[in-house]
Amino acid sequence: MQSATGRELPKHWLAIIAVIWSGQAVSMFTSYAASFAAIWYVTESTGSALALSFLSICAYLPQGLLSPFGGVLADRLNRKYLIILADSICGLASFALGLIILFGQVSFAAIVVMVIIRSAAQAFHYPALMALMPMLVPEKHLLRINTLDQLLLSVSGMAAPVLGIFFYTVVGFYSVMLLDFAGALIACAGMLLAKVPSTKCASLSSNTQSSDNTSNESTSDKHHVLADLKEGWVTLKRVRGLFVLIILITLGMVCFSPMSSLYPLMTFDYFQGDGYMASIAEATFAAGLLIGSSILMVWGGGKKLTRLIAIACISFGLLCSVSGLISPNMFWIFAILCAGMGLVSAWFNGPMMTLIQRNTAEETMGRVIGLVNTGIALAGPVGIAAGGIFAEFMGVAPFFVVDGILCAFIGVLIAAFKSVRKLDTNSSNQDPA
């Protein structure tokens, strides 16, 4: 049996995946709990959309700026150890913040520093993990493995906010951070136990200069990095439909990203809710994500993944707009709408990553995913900044209405481009859009 990238797979390939994702699942759970606790601390202590938006920008910006270099390292180095290093840095950042909180020095600034460090580590973790997966699973299971990522995230999202609030209120904020440190250790252990293949960077610079590598090695490292980044960009642009899809998804992230920072404020400000109500909204979204992911795992997504992505964007936008139109005494309706938004969100991430992996060579996949992650991550701060400003002045509920309309429009555009639709057939994507 061969992997999605053409490598010969061992008979126990499923056991390798189970070991890796068991560790990653625990880390996701504890990270989600810690993130929600940090967001709720800022929500409770400031009640400001701008403060929440600034925190979310700090979570996106380092990842966006560093992801191209994370992609280069994912193609040059052993992806396994790069993932372990990134998980270790995230865990140590949470451990340090836990100690700061324990000694009574907690502040908004300390939380910001922790978020920045974790974001920077994620810039190296995500391209390496996503580039590693196609090397470990058969082509027919690639979408299911990509969906497993969000399936585990949805399970974490259902229980982790409640757990985070429980530890936050009963034990203390510091305990959630220390729990996240333990989760990172478990993720590192799972990756250490897994036997995975390595890959070598096949950049244009290394191919064309192989005869004189020794004489130029001391002076060309910077050139090689830039050349590797350029090749990732050229590879991405070469597939027309994929390039157009990524542009539209990046624009969609400008509209979608404010939701992550404004969900707690919607509960706190518009529905006059407390921390437990906010965790319920998060949990129902995660429950919907779990249901949608489970459907996708069983179904397999069909042959029209681009159409599925478009449907997900349109449906999410409509549900988001309705959320902003209901009255302040309809929190439970909002919770149901959150579940619907979670369900259709499940039909977005897995198909998107699968299309990228299917249309990119193994040796350049890290760089392409790094560049894609950069576009999405940098779109986040733009959307969050704009969303925070608009929500502050026009109100969070009206903002949900406007933002939902924009998300739906992005979905219509995805369905409209012929070159994007042709990604489903693996045929030539060089035709005009």
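Participant: Please clarify how the pattern of salt bridges should be interpreted in this entry.
Facilitator: Pairing is possible between side chains that carry opposite charge, provided their charged atoms lie close to one another. Within the structure shown, the criterion is met by four salt bridges. Of the charged contacts, one joins aspartate 75 and arginine 79 as a salt bridge, the two residues approaching to 2.8 Å between their closest N and O atoms. Comparing aspartate 75 with arginine 79 shows no difference in burial state: the two are buried. Here aspartate 180 makes a salt bridge to arginine 118, at a shortest N to O gap of 2.5 Å. Taken as a pair, aspartate 180 in helix H6 (residues 173-193) and arginine 118 in helix H4 (residues 108-132) lie far apart in primary sequence, 62 residues in all. Across the pair, exposure class does not vary: aspartate 180 and arginine 118 are buried alike. The structure contains a network of salt bridges with shared partners spanning Asp75, Arg79 and Arg367.

Participant: Can you walk me through the packing of helix H3 (residues 79-102) against H6 in this structure?
Facilitator: For any two helices packed against each other, the geometry is given by the interaxial angle and the distance between the axes. Put simply, H3 and H6 touch, their axes get as near as 8 Å, and they point 165 degrees apart. As the angle between them shows, H3 and H6 are arranged roughly antiparallel. Judged by the twist between their axes, the crossing of H3 over H6 is left-handed. When its residues are assigned to classes, the contact of H3 with H6 shows 18 nonpolar, four polar and three charged.

Participant: I keep staring at the environment of valine 26 and nothing clicks. Help me out?
Facilitator: Inspection of the secondary structure assignment puts valine 26 in helix H1 (residues 13-46). Note: C-alpha distance between valine 26 and glycine 190 (164 residues apart in sequence) is 10.0 Å. Aside from chain neighbours lying at most four places away, what touches valine 26 is Gly183 and Ile186.

Participant: What should I look at first to understand H4 in this one?
Facilitator: In an α-helix, one full turn covers 3.6 residues, which means residues spaced three or four apart are oriented alike. Under the 1.5 Å per step criterion, the end-to-end length of H4 is 36 Å for 25 residues, consistent within 8% with the ideal 36 Å. Within H4, the axis deviates most sharply at glutamine 122, by approximately 30 degrees. Along H4, 18 of the 25 residues are buried, which leaves the element largely enclosed by surrounding structure.

Participant: Is there a simple way to think about a positive patch on the surface in this case?
Facilitator: A grouping of Lys303, Lys304, Arg307, Lys418 and Arg421 is seen on the molecular surface, where their side chains present a positively charged patch. Judged by relative accessible area, which is 41%, lysine 304 ranks as partly exposed.

Participant: Hey, could you run me through the packing of aromatic side chains in this one?
Facilitator: Centre-to-centre distance and the angle between the planes together describe a pair of aromatic rings. In this structure the tally under the stated criterion is 14 aromatic pairs. Ring geometry for tryptophan 233 versus phenylalanine 243: centroids 5.5 Å apart, planes at 85 degrees, classification edge-to-face. Here tryptophan 233, found in helix H9 (residues 221-238), pairs with phenylalanine 243, found in helix H10 (residues 240-270); they are 10 residues apart in sequence, far enough to count as distant. Lysine 237 extends its terminal NZ or CZ atom over the ring of phenylalanine 243, reaching a point 6.0 Å from the ring centre.

Participant: Help me out: how do you make sense of a nonpolar patch on the surface in this one?
Facilitator: Where nonpolar side chains cluster on the molecular surface, the patch consists of Leu85, Ile89, Val113 and Ile117 and spans about 320 Å² of accessible area. Where the nonpolar patch is concerned, the elements lending two or more residues are H3 and H4. Isoleucine 117 sits in the partly exposed class, given a relative accessible area of 35%.

Participant: Help me understand the packing of helix H2 (residues 49-76) against helix H14 (residues 365-394) in this model?
Facilitator: Viewed as axis vectors pointing N to C, H2 and H14 meet at an angle of 170 degrees, and their least axial separation amounts to 7 Å. Between H2 and H14, the crossing angle belongs to the class labelled roughly antiparallel. Tallied by class, residues from the contact of H2 with H14 come to 17 nonpolar, 12 polar and three charged.

Participant: How should the side chain of serine 31 be read in this particular structure?
Facilitator: The residue serine 31 is located in helix H1 in this model. Within the structure, serine 31 has its side chain in polar contact with the side chain of arginine 118 (distance 3.0 Å). Polar side-chain contacts of serine 31 include one of 3.0 Å to the side chain of aspartate 180. Sequence-distant contacts of serine 31, that is, excluding residues within four places in its chain, are made with Arg118 and Asp180.

Conventions adopted
- Counting restarts for each chain, with residues numbered from 1 along the sequence as it is written.
- The predicted origin of the model limits local features to residues at a pLDDT of at least 70 and limits the giving and counting of side-chain atom pairs to 80 or more, whereas totals for whole chains, interfaces and linings rest on all residues.
- Computation of side-chain values covers all heavy atoms of the structure but excludes hydrogens and water.
- Only one rule defines a salt bridge in this text: a Lys or Arg side-chain nitrogen within 4 Å of an Asp or Glu carboxyl oxygen.
- Relative accessibility thresholds used throughout: buried, under 20% of the residue-type maximum; exposed, over 50%; partly exposed, between the two (1.4 Å probe, protein chains only).
- Only DSSP runs of H or I reaching four residues or more are called helices, and only runs of E reaching two or more are called strands; each is numbered from the N terminus.
- For helices, the fitted axis covers only the stretch in contact; all axes are lines through C-alpha atoms, and the angles between them, taken along N-to-C directions, range from 0 to 180 degrees.
- Relative orientations are named as follows: roughly parallel for angles under 35 degrees, roughly antiparallel for angles over 145 degrees, roughly perpendicular for angles from 65 to 115 degrees, and oblique for any other angle.
- Handedness of a helix crossing follows the sense of rotation of the near helix relative to the far helix, less than a right angle counterclockwise being left-handed and clockwise being right-handed.
- Residues are grouped as follows: Ala, Val, Leu, Ile, Met, Phe, Trp, Tyr, Cys and Pro are nonpolar; Asp, Glu, Lys and Arg are charged; all remaining types, including Gly, are polar.
- When checking whether two residues touch, look at their non-hydrogen atoms; a contact exists if any pair is within 4.5 Å.
- Each residue after the first adds 1.5 Å to the expected span of a helix.
- The reported bend at a residue is simply the angle between two axes, fitted to the 7 residues ending at it and to the 7 residues beginning with it.
- Patch membership is restricted to residues that have no salt bridge and whose relative accessible area is over 30%. Joining uses 9 Å for like charges and 5 Å for the nonpolar side chains Val, Leu, Ile, Met, Phe, Trp and Tyr.
- Only the protein chains shown count as cover for residues, and all accessible areas are computed by the Shrake-Rupley method using a 1.4 Å probe.
- Counted charges follow a simple rule, with Lys and Arg positive, Asp and Glu negative, and His plus the chain ends left uncounted.
- All charge positions are set by atom: Lys at NZ, Arg at CZ, Asp at CG, Glu at CD.
- Any pair of Phe, Tyr and Trp rings, taking the six-membered ring for Trp, is counted once the centres come within 6.5 Å. Such a pair is stacked with planes under 30 degrees apart, edge-to-face with planes over 60 apart, and tilted for the rest.
- Ring-over charges, as used throughout, are those where CZ of Arg or NZ of Lys falls within 6 Å of the ring centre and within 35 degrees of the ring normal.
- Pairs of N or O atoms are called polar contacts if they sit within 3.5 Å, as long as, within protein, a hydrogen donor faces a hydrogen acceptor (for residues adjacent in sequence, only side-chain-to-side-chain pairs).

The values are spatial; any link to function lies outside them.
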